[in-house]
Amino acid sequence: MSDRLVHLDVLRYNPETDTEPHFQRYEVTCREEWVVLDALNAIKESIDPTLNYRWSCHMAVCGSCGMMINGEPKLSCHAFLRNYDGVIRVEPLANFPIERDLVTVADDFIDKLKRVKPYLIPKQDKSIAEGEYKQTPAQLMKYRQFSMCINCMLCYAACPEYALSPLFLGPAAITLAHRYNQDSRDGGRNERQEVIASDEGVWQCSFVGACSEVCPKAVDPAGALQQVKVASTLDWFKEHLLPGGKP
Amino acid sequence: MSRRPFVREVSKTRWYFKHPRYLRYMSREITCIFIGAFALLLLCAVLHLSRGQAAWESFLAALQGPWSALGLLVILAFALHNTTSWFNVTPKAMPVQIGEDFLPGKFIVAAHYLAWILASVLVLYFAGVR
């Protein structure tokens, strides 16, 4: 494996001393198979220990290391240096406040995630003695792709609706609500619907589709949101056009 | 240590220049202006039709000429872009699950094109084009 010299422009922000973020250039000797995260680790270990960023698994599973790499939301553990020419620009995920350097404030996403109740609300409670909640492979496939979301927030960084209307629940939260709504064992749709079909919910989405283009797990949040729109529209028709209709 | 998160401003008027995918999206959204213009033209046509043959023929005469033709061609181009860009994303909104598999999206898109062709043929048939 050959080494090569890589230049990175990393956005730095120290809330104690800086009034605004600024780029800092680093020159790192990297191995051919390295990803951007490896370069950041090399900077932190041997060039500048003050650099801050989040990471954990280094295998595109934990969803911690999302960053803007040359303006594109990416997991830095998934962004191979060999795919970039010239100086690589590394910034914190767009559309989130910068806490420090490449670390963003994720509170807004976490709050929104809680609001959609992204967990199984069983249709009927069963005791352990009654056995497990069974599901066929076809029932599993109905929601399986949406369950692959790793909460990395890349879709929020790509979503212009979220950038312009920060109250928007956003792609991942609504996709995860849809994931549980599609689950044959779940009975919590009405509770979630109050949140995801509200003004701050799915109707803020104008189907840009950027969320699905940047998703590192091929989840297709844009698809989930359009399916929620179709289901919510059918709810409205059932409620308003059918005699005695309830969604 | 003090927390003082920095919020980056997003331009409300220039954000779509940041990436080709946003320009692609805006190109689809802007088609609504031309679809709206054609809808108004259609309403004018119906209005003139309701006022008798003379009004209708004067309306048709007003549509003659190179500028009119150019305008209609531009509207047609945007209408085609509107139709194709929406048809191509229909599999996302209406996935069809058959057992454990999903019908490939190309069939859902093809069904829309087929319905479009069928509707166009019917319109031409009832319009007297043989």
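Since the model is a prediction, treat every value here as computed from it, not as a measurement.

(A) Structural view of helix α9 (residues 221–241) of chain A. Counted at 1.5 Å a residue, the expected span for α9(A) with its 21 residues is 30 Å, and the 30 Å between its end C-alpha atoms agrees. Here α9(A) has its buried residues at Pro221(A), Ala222(A), Gly223(A), Ala224(A), Leu225(A), Gln226(A), Gln227(A) and Val228(A).

(B) Representation of the pairing of strand β1 (residues 3–12) of chain A in the model. Residue and element names in this part refer to chain A. Two strands pair when backbone bridges link them, and β1 and strand β2 (residues 22–31) are joined in this way by ten bridges, in the antiparallel orientation. Bridge pairing links His 7 to Glu 27 in β2. As paired strands, β1 and strand β5 (residues 88–92) are joined by three bridges and run parallel to one another. Looking across to β5, one finds that Leu 8 is bridged to Ile 88.

(C) Fine view of the nonpolar core. Residue and element names in this part refer to chain A. One finds Val 36, Ala 39, Met 153, Cys 155 and Ile 174 to be the most contacted residues of the largest nonpolar core, which totals 62 residues. Inspection of this core shows a minimum of three residues originating in each of domain 1 (3–104) and domain 2 (107–241). Beyond its immediate chain neighbours, meaning those up to four positions away, Val 36 contacts Ile 69, Ser 76, Ala 79, Leu 81, Ile 88 and Val 90.

(D) Representation of the domain arrangement of chain A in the model. Residues and elements named next belong to chain A. Domain annotation for chain A reports domain 1 (3–104) and domain 2 (107–241). Each of domain 1 and domain 2 has a C-alpha centre, and these two points are 30 Å apart. Counting residues at the interface gives 13 residues for domain 1 and twelve residues for domain 2. Every element with two or more residues in the side of domain 1 that touches domain 2 is listed here: β3 (66–69) and β4 (72–75). When residues of the side of domain 1 that touches domain 2 are assigned to their parent elements, the largest contribution, three residues, is made by β4. The residue makeup of the side of domain 1 that touches domain 2, split by class, is eight nonpolar, four polar and one charged.

(E) Examining the interface of chain B and chain A more closely. At the interface, 21 residues of chain B touch 28 residues of chain A. Every element with two or more residues in the side of chain B that touches chain A is listed here: α1 (20–29) and α5 (90–93) of chain B. For the side of chain B that touches chain A, the leading source of residues is α1(B), giving three residues. In terms of residue class, the side of chain B that touches chain A is built from ten nonpolar, four polar and seven charged.

Rules and cut-offs
- Residues numbered from 1 in each chain as written.
- Chains lettered and ligands numbered in written order.
- Predicted model: local features only at pLDDT ≥ 70, side-chain atom pairs only at ≥ 80, totals over all residues.
- Helix = DSSP H or I, 4+ residues; strand = E, 2+ residues; numbered from the N terminus.
- Expected span 1.5 Å × (residues − 1).
- Buried ≥ 20, exposed ≤ 12 C-beta atoms within 10 Å, placed from the backbone.
- Pairing = 2+ DSSP bridges.
- Core = buried A, V, L, I, M, F, W, Y, C linked by C-beta atoms within 7 Å.
- Domains from an automatic or database assignment.
- Contact = placed C-beta atoms within 7 Å.
- Nonpolar A, V, L, I, M, F, W, Y, C, P; charged D, E, K, R; others polar.

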